[in-house]
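# Working through the structure, step by step
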Amino acid sequence: TAYEIKECDWSSDVCSSDLFDATPLSDVVARFNRRRATLSEQPQLVLGDAQVGRILVSGRINSANVASLVDVLVSSFSVEAEYRSSGEILLKKRP
């Protein structure tokens, strides 16, 4: 099953935002994690299974604000976020 986040603008800072159009969450996570190298305080996102990676994301997402992405996934979709002591955030489908 595919899901979609529509017209999300989580930042007024357009320069640090990326525009996604029905992009699988797996690709969004990969882009966020690449940016993590320049933003050391940003946690790394980890997909817990392929199903969560197929969630389709559309809209403008502030790639410097992982917490906003995680909050929307948890509150609007059947996604669970596990914050690990290693600094990773594990994203997985809720049972």
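What this report covers is the structure whose coordinates are included nearby. Only a predicted model underlies this, so the values are computations on that prediction, with no experimental measurement involved.

Within the protein, the regular secondary structure consists of three helices and six strands. When the helices and strands of the protein are read in sequence order from the N terminus, they spell out β-β-α-β-α-β-α-β-β. Residues counted as buried form 38% of the 95 residues belonging to the protein. Looking at the protein alone, contacts between residues at least 24 apart form 66% of all its contacts between residues at least 6 apart. Summed over all atoms, the accessible surface of the protein reaches about 5200 Å², with 47% contributed by carbon and sulfur.

Across all of its chains, the model carries four salt bridges by this definition. Salt-bridge contacts for Glu82 lead to Arg84; the nearest nitrogen and oxygen are separated by 3.4 Å. The closest approach of N and O atoms between Lys92 and Glu82, which form a salt bridge, is 3.3 Å. Highlighted residues: Lys92 in strand β6 (residues 88-93) and Glu82 in strand β5 (residues 79-83), separated in sequence by 10 residues. The class for Glu82 is partly exposed, based on a relative accessible area of 30%.

As summarised here, the arrangement of the three strands in space is β3-β6-β5, forming an open sheet in which the pairing is mixed. Edge positions in the sheet fall to β3 (44-47) and β5, since each of these pairs with one other strand and no more. Adjacent strand axes in the sheet meet at a mean angle of 25°, parallel and antiparallel pairs treated alike. Pairing of β3 with β6 involves four bridges; the strand directions are parallel. Considered in β6, the bridge of Leu47 is made with Leu91. Together, β3, β5 and β6 form the strand contacts of helix α3 (residues 66-76), whose direction differs from that of β5 by roughly 135°.

Bringing the side chain of Thr23 into the picture now. Considering the arrangement of structural elements, one finds Thr23 in strand β2 (residues 17-24). Those residues in contact with Thr23 that sit more than four places away from it in its chain are Val28, Ile55, Leu56 and Val57.

Cut-offs used in this document
Counting starts from 1 at the beginning of each chain's written sequence and moves along it residue by residue. Reporting in this predicted model follows two pLDDT cut-offs: at least 70 for local features of residues, and 80 or more for side-chain atom pairs to be given and counted; totals over whole chains, interfaces and linings ignore these cut-offs and use all residues. Only hydrogens and water are set aside; all other atoms, that is, all heavy atoms of the structure, feed into the side-chain values. The secondary structure listing takes helices from DSSP runs of H or I that are at least 4 residues long and strands from runs of E that are at least 2 residues long, numbered from the N terminus. Throughout, exposure labels follow a simple rule: accessible area from a 1.4 Å probe, protein chains only, divided by the maximum for the residue type, with under 20% read as buried, over 50% as exposed, and the rest as partly exposed. We call two residues in contact whenever any of their non-hydrogen atoms come within 4.5 Å of each other. Methods summary: accessible areas were calculated by the Shrake-Rupley approach with a probe of 1.4 Å, and residue burial reflects only the protein chains presented. Any Lys or Arg side-chain nitrogen located within 4 Å of an Asp or Glu carboxyl oxygen qualifies as a salt bridge. Any two strands between which DSSP finds at least two bridges are classified as paired. Axis lines are fitted to C-alpha atoms, over the contacting stretch for helices. Their N-to-C directions set the angle, which ranges from 0 to 180 degrees.

Honestly, that's just the spatial picture; any functional story needs more than this.
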